[in-house]
Amino acid sequence: MAMQRVGVVGAGTMGNGIAHVFARSGFSVVLCDVEQRFLDRGLDTIAKNLDREVAKNKITVGDKVSTLARITAVLDRAKLADCDLVIEAATEKFEIKAEIFRELDRIMKPKPEVILASNTSSISITKIGALTGRADRVIGMHFFNPVPVMKLVEVIRGLATSQATFETVRELALKLEKTPVEVNDAPGFVSNRVLMPLLNEAMYAVMEGVATAEAVDEVFKLGMAHPMGPLTLADFIGLDVCLDIMRGHHAGAAGWAGRSEIPALSAPHQDGGCGLAGTQEWARLLHLLVG
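Residues numbered from 1 in each chain as written. Predicted model: local features only at pLDDT ≥ 70, side-chain atom pairs only at ≥ 80, totals over all residues. Heavy atoms only, no water.

**Some remarks on the overall build of the chain**
Our working definition: Labels follow the DSSP assignment, with helices taken as runs of H or I lasting at least four residues and strands as runs of E lasting at least two, numbered in each case from the N terminus. Pairs of residues are marked as contacts when any of their non-hydrogen atoms sit within 4.5 Å. Accessible surface area values rest on a Shrake-Rupley calculation with a 1.4 Å probe, where residue burial reflects the displayed protein chains alone.
The helix and strand tally for the chain stands at 12 helices and eight strands. Of the contacts made within the chain by residues no fewer than 6 positions apart, 65% connect residues no fewer than 24 positions apart. Counting only carbon and sulfur atoms, one obtains 55% of the accessible surface of the chain, whose full area is about 13700 Å².

As structure tokens, this is what we get:
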């Protein structure tokens, strides 16, 4: 089946990046979210990122205009019905993704050939696929932030994912000028299975007084040639996202090598929320160098 029209559910950081690269590569894109303000913000981000590409002579002004023209923003998921592929890029919580996949499967019932992909960074593709009537056509397509820049796409097979589905998605990633890497379904896949214990231990090193946050980051930048230290990276990813991934690992991996998340990361806010992402307390605790 020739892929021409791609749906993206979620216009946040990952969703608008995915819409950006598909539209820039010539695909018609239907970008869907639950509120108009989220769509407006996503489209504004795409336009600004395209402006950066124009400024760097990677694309022309005409390319920017045509890319934006290929993106249709919608609030109604039913308008995804004419897509050949739909990629979910919603919040990293199973309950939210489960509701989306059940509805997408229902919407696409007249089109059993449609592939449903998830940009999840940690949730089981097998478990998501089992919620649908097309588990053979459910797959992980894990992009990395910032999507227009980062080359890697983890292509994750669920237990029921067919070879045809895998090959189709792999070829799509290549058309986007990405590098697809085949990964089997396991908590965290490869990227976060390895990365999250590292970030967590970096946080423990600060909490236990082994070194300051600046020192921990400097060790990895100068000693391991990392472009940014693990604590700055954790803040860039989003501490709430890191916490969700770590908890997913503990729930799904009997052989998980990492310690539980540090207490400060999951301590309740005064307002009743959970996690310290973006709070003054987190900045005070780790002294993160995020400008």
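Read on, since the account is not over.
**So, unusual backbone geometry**
Our working definition: Partly exposed describes any residue whose relative accessible area lies between the buried limit of under 20% and the exposed limit of over 50%, with all areas from a 1.4 Å probe on protein chains only and scaled to the type maximum.
Here the bond from Asn145 into Pro146 is cis, since omega is 0 degrees, no more than 30 degrees from zero. Relative to the helices and strands, Pro146 resides in the loop between β6 (138-143) and β7 (152-157). The backbone phi angle of Glu177 is positive, close to 65 degrees, even though this residue is not glycine. Summarising the element assignment, Glu177 is placed in the loop between α6 (163-175) and β8 (179-184). Non-glycine residue Ala225 carries a positive phi angle of around 60 degrees. Relative to the helices and strands, Ala225 is located in the loop between α8 (213-223) and α9 (230-237). You can call Ala225 exposed: its relative accessible area is 64%.

**Focus: a positive patch on the surface**
Applied cut-off: Exposure above 30% relative accessible area and no salt bridge define the residues that can form patches, which grow by joining like charges within 9 Å and nonpolar side chains of Val, Leu, Ile, Met, Phe, Trp and Tyr within 5 Å. Here, a salt bridge means any Lys or Arg side-chain nitrogen found within 4 Å of an Asp or Glu carboxyl oxygen. Neither His nor the chain termini are counted; the positive set is Lys and Arg, and the negative set is Asp and Glu. Where a charge sits is defined by one atom per residue type, namely NZ (Lys), CZ (Arg), CG (Asp) or CD (Glu).
Together, Arg52, Lys56, Lys58 and Lys151 make up a positively charged patch on the protein surface. Mapped onto the elements of the fold, Arg52 is located in helix α2 (residues 36-55).

**Regarding the packing of α2 against helix α3 (residues 61-69)**
Definition in use: All axes here are fitted lines through C-alpha atoms, helices being fitted over the stretch that makes contact, and every angle between N-to-C directions spans 0 to 180 degrees. Any angle that falls under 35 degrees is termed roughly parallel, while one over 145 is termed roughly antiparallel, one within 65 to 115 roughly perpendicular, and all others oblique. Handedness of each helix crossing follows the sense of rotation of the near helix against the far helix: counterclockwise by less than a right angle gives left-handed, clockwise gives right-handed.
One way to put it is that α2 packs onto α3 with a least axis distance of 9 Å and a crossing angle of 160 degrees. Between α2 and α3, the angle falls in the class roughly antiparallel. Judged by the sense of rotation from one axis to the other, the crossing of α2 with α3 is right-handed. Only Val61, Lys64, Thr67 and Leu68 of α3 make contact with α2, whose side of the interface consists of Ile46, Ala47, Leu50, Asp51 and Val54.

**A short note on helix α1 (residues 13-24)**
For the α-helix, the turn length of 3.6 residues means that residues three or four positions removed from each other point alike. Which entries qualify depends on this criterion: Here, expected helix span is obtained from the residue count minus one, scaled by 1.5 Å.
Taking 1.5 Å of rise per residue, 12 residues should cover 16 Å, and α1 covers 17 Å from first to last C-alpha, within 8% of that figure. Taken across its 12 residues, α1 has 10 buried, putting it largely inside the fold. Inspection of α1 places Met14, Gly15, Asn16, Gly17, Ile18, Ala19, His20, Val21, Phe22 and Ala23 among the buried residues, and these make up the whole buried set. Positive backbone phi, at 100 degrees, marks Gly26, one or two positions downstream of α1.

**Regarding the pattern of salt bridges**
For the coordinates displayed, the defined rule picks out 14 salt bridges. Between Arg77 and Glu103 there is a salt bridge, with its nearest N and O atoms 2.5 Å apart. You can see Arg77 sitting in the loop between β3 (71-74) and β4 (85-88) and its partner Glu103 sitting in helix α4 (residues 94-107), a full 26 residues away along the chain. We classify Glu103 as partly exposed; its relative accessible area is 22%. Between Glu103 and Arg106 there is a salt bridge, and its shortest N-O distance comes to 3.4 Å. Of this pair, Glu103 and Arg106 both sit in helix α4, three residues apart, which is roughly one turn of that helix. Here the salt bridges do not stand alone but share partners, grouping Arg77, Glu99, Glu103 and Arg106 into one network.

**Topic: the sheet that holds β3**
This is how the line gets drawn: DSSP-based pairing: two strands are paired if at least 2 bridges between them are found.
What the eight strands build is an open sheet, ordered β3-β2-β1-β4-β5-β6-β7-β8; its pairing is mixed. The sheet is open, and its two edges are formed by β3 and β8, each paired on a single side. For this sheet, the mean angle separating the axes of adjacent strands, direction not counted, is 25 degrees. Across five bridges, the pairing between β6 and β7 is antiparallel. Paired with His142 across the strands is Glu154, a residue of β7.

**A word on the packing of aromatic side chains**
One pair of aromatic rings is described through two measures. These are the centre distance and the angle between the planes. Let me state the cut-off plainly: Whether two aromatic rings pair depends on their centres lying within 6.5 Å, for rings of Phe, Tyr and Trp, where Trp uses its six-membered ring; planes under 30 degrees apart make the pair stacked, over 60 edge-to-face, and the rest tilted. By the criterion adopted, a ring carries a charge over it if an Arg CZ or a Lys NZ lies within 6 Å of its centre and within 35 degrees of its normal.
Applying the stated criterion across every chain yields a total of one aromatic pair. Centre to centre, the rings of Phe22 and Phe27 are 5.3 Å apart; their planes meet at 75 degrees, and the pair counts as edge-to-face. The aromatic ring of Phe94 is capped on one face by Lys127, whose charged end is 4.2 Å from the ring centroid. Looking at Arg157, its charged tip hangs above the ring of Phe166, at a distance of 4.2 Å from the centre.

**Comments concerning the packing of helix α7 (residues 191-207) against α9**
Cut-off, in case you're wondering: Any residue that is not Ala, Val, Leu, Ile, Met, Phe, Trp, Tyr, Cys, Pro, Asp, Glu, Lys or Arg is counted as polar, Gly included; the first ten are nonpolar and the last four charged.
One way to put it is that α7 packs onto α9 with a least axis distance of 9 Å and a crossing angle of 115 degrees. For the element pair α7 and α9, the recorded crossing hand is left-handed. Seen from α7, the contacting residues are Leu195, Met196, Leu198, Leu199, Ala202, Met203 and Val206; seen from α9, they are Pro230, Leu231, Leu233, Ala234 and Ile237. Residue composition of the contact of α7 with α9, grouped by class: 12 nonpolar, no polar and no charged.

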